[in-house]
Amino acid sequence: MVKLPHVYEEVEIPENVTVEINGLKVKVNGPKGSIEKDFSHVRDVILRKEDDKVIVEAFFANRRKKALVGTIASHIENMIKGVIKGYRYKLKIIYSHFPITVEVDDRNRIVRIKNFLGEKADRKAKIIGEDVKVTVKGEDIIVEGINIEHVGQTAANIELATKVKDKDRRVFADGIYIYDWGEEE
C-alpha cells in the first residue's frame, strides 16, 4: 500500500468544553465532569490543539496509522459528548421461572443479582469506574456515566452475569438484557 504523506482528523471543541493536551495525554472538562485518557501507547501520531479544534495527525501513514488517527479522533469525540450529555444504557430484567432481585452495592462497586434460576448464591457484576451510576427501577436497570467505555462495560458485565449456558435461549429467556443505549436526554 502507498503511504499517504499527511493524514489528519479535526475534532470541534464546543464552547462549554475545555480540552488540555499534554503530549499524548488528553483531558476534557465539561459541565458533567472531566475525563482523562492517555494515548502514549500509540506511536507516530501527533495531537495538538488549534483554536477551537483538536487535530490528530500522522505523517507518511500506512493503513494502520490512518486507522489509528481515526480511532483517536473518535475517542476524543466520545469524551467531549460524555462531558456534555453523558451516556445511558438501559437493561431489562426478564424472568418466567424464579423472580430475580437486583441490588446495587455502591460501597463494593458491584451489582448483586439474587435468586437467578433459584440459585442460592448471588451472581455479581462489577461496576467499572468511579463515575458510573447504576440504579434499579422496577424491572429496569439504568447505567449512567460520562465515560462511554466504563458505562458500556458495566452494562455488559451485568448482562453477562446472567448468561445461561447449555439451554436454548429461545425457550429459556430468563436474564438481564440491554435494550437501549446512547446519549442521555
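Residues numbered from 1 in each chain as written. Predicted model: local features only at pLDDT ≥ 70, side-chain atom pairs only at ≥ 80, totals over all residues. Heavy atoms only, no water.

Inspection of the secondary structure assignment puts E57 in strand 6 (residues 53-61). At a separation of 2.7 Å, a polar atom in the side chain of E57 contacts the side chain of H6. In terms of polar contacts, E57 uses its side chain to reach the side chain of R48, at 2.7 Å. Once residues lying within four places of it in the same chain are set aside, the contact partners of E57 are H6, V7, Y8, D44, V45, I46, R48 and V69. (Helix = DSSP H or I, 4+ residues; strand = E, 2+ residues; numbered from the N terminus. Polar contact = N/O pair within 3.5 Å; in protein donor to acceptor, adjacent residues only side chain to side chain. Contact = heavy atoms within 4.5 Å.)

Below, the discussion takes up the UniProt feature "domain: Large ribosomal subunit protein uL6 alpha-beta" (unreviewed entry) in the protein chain. The UniProt record marks residues 13-86 and 99-175 with the feature "domain: Large ribosomal subunit protein uL6 alpha-beta" (unreviewed entry), using the residue numbering of this structure. Secondary structure within residues 13-86 divides into 30% helix and 42% strand; the distance between the first and last C-alpha atoms comes to 16 Å. Spanning residues 99-175, this segment combines 18% helix with 34% strand, and its end C-alpha atoms are found 10 Å apart. (UniProt positions renumbered as here; feature names shortened; annotations may be inferred.)

On to the environment of A58. Relative to the helices and strands, A58 is located in strand 6. With 12 residues separating them along the chain, A58 and I46 place their C-alpha atoms 6.1 Å apart.

Looking at the assigned domains, one finds that the protein chain contains domain 1 (4-85) and domain 2 (87-183). On a C-alpha basis, the centres of domain 1 and domain 2 stand 32 Å from each other. With 11 residues of domain 1 in contact, the opposing surface of domain 2 contributes six residues. The three residues of domain 1 that bury the most area against domain 2 are I35, N78 and K85, which together make up 49% of that side's buried surface. In this structure, the connection of domain 1 to domain 2 is made through two salt bridges. Taken together, the connections running from domain 1 to domain 2 amount to four residue pairs in polar contact (both at pLDDT 80 or more). Taken together, the elements giving at least two residues each to the side of domain 1 that touches domain 2 come down to strand 4 (33-38) and helix 1 (63-84). Broken down by element, the side of domain 1 that touches domain 2 gets its largest block of residues, five residues, from helix 1. (Domains from an automatic or database assignment. Buried area = accessible area lost by both parts, 1.4 Å probe. Salt bridge = Lys/Arg side-chain N within 4 Å of Asp/Glu carboxyl O.)

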